[in-house]
Amino acid sequence: MSKSQLNLTRIVLLDLWHHKWVLLLAAIVLANAVLVVYTSHASRKYTTQWDQLLQERDRLDIEWRNLLLEEQSQSEHSRVTRIATKELNMSRPLPNEEVVVRVP
């Protein structure tokens, strides 16, 4: 390397050393910008995840309500009576056919 390049390099390094606070502030601003981008990305990701969880909760709530309605309709007395008489050939016992069992 020539002597002029060494002097130029030395001059640039000395100038940077004299403005070390400006370089430090520039590095801090750059780090802050990177952190803002990262925080924005994470915030959007968590917001999307939150929305998906809310949709899943709503879907499960609707399914739960449908299951409650189905349970109610399946356990209606008239339906149980109809299935017992038609499909299982069951009937109500006559009063003289009833047996009372007492537990001691």
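Rules behind the numbers
All residue numbers refer to position in the chain's written sequence, counted from 1. Where totals are concerned, whole chains, interfaces and linings use all residues; where local detail is concerned, this predicted model gives features only for residues with pLDDT of at least 70, and gives and counts side-chain atom pairs only at 80 or more. Think of the side-chain values as coming from all heavy atoms in the structure, minus any hydrogens and water. Note on ring pairs: Phe, Tyr and Trp rings are taken, using the six-membered ring of Trp, and paired if centres are within 6.5 Å. Classes follow the plane angle, with under 30 degrees stacked, over 60 edge-to-face and the rest tilted. Our definition puts a charge over a ring when NZ of Lys or CZ of Arg is within 6 Å of the ring centre and also within 35 degrees of the ring normal. Per-residue confidence from the predictor is reported as pLDDT, a score between 0 and 100. What counts as a helix is a DSSP run of H or I of at least four residues, what counts as a strand is a run of E of at least two, and both are numbered from the N terminus. By definition, a salt bridge exists where a carboxyl oxygen of Asp or Glu is found within 4 Å of a side-chain nitrogen of Lys or Arg. Exposure categories follow from relative accessible area, calculated using a 1.4 Å probe and restricted to protein chains: below 20% of the type maximum is buried, above 50% is exposed, and the middle band is partly exposed.

1. Description of the packing of aromatic side chains
Evaluated as defined, the whole model comprises zero aromatic pairs. Taking the ring centre of Trp 17 as reference, the NZ or CZ of Lys 20 above it sits at 4.1 Å.

2. A short note on the confidence of the model for the chain
For the chain, the average pLDDT comes to 89, and 94% of its residues sit at 70 or higher. The least confident element of the chain, judged by mean pLDDT, is helix H1 (residues 3-18) at 80; the most confident is helix H2 (residues 20-74) at 95.

3. Describing the pattern of salt bridges
Evaluated as defined, the whole model comprises four salt bridges. Close ionic contact of Arg 59 with Glu 63 constitutes a salt bridge, the shortest N to O distance being 3.3 Å. Of the two residues, Arg 59 and Glu 63 both sit in helix H2, four residues apart, roughly one turn of that helix. For Glu 63, a relative accessible area of 39% gives the class partly exposed. Linked through salt bridges whose partners overlap, the residues forming this network are Glu 56, Arg 59 and Glu 63.

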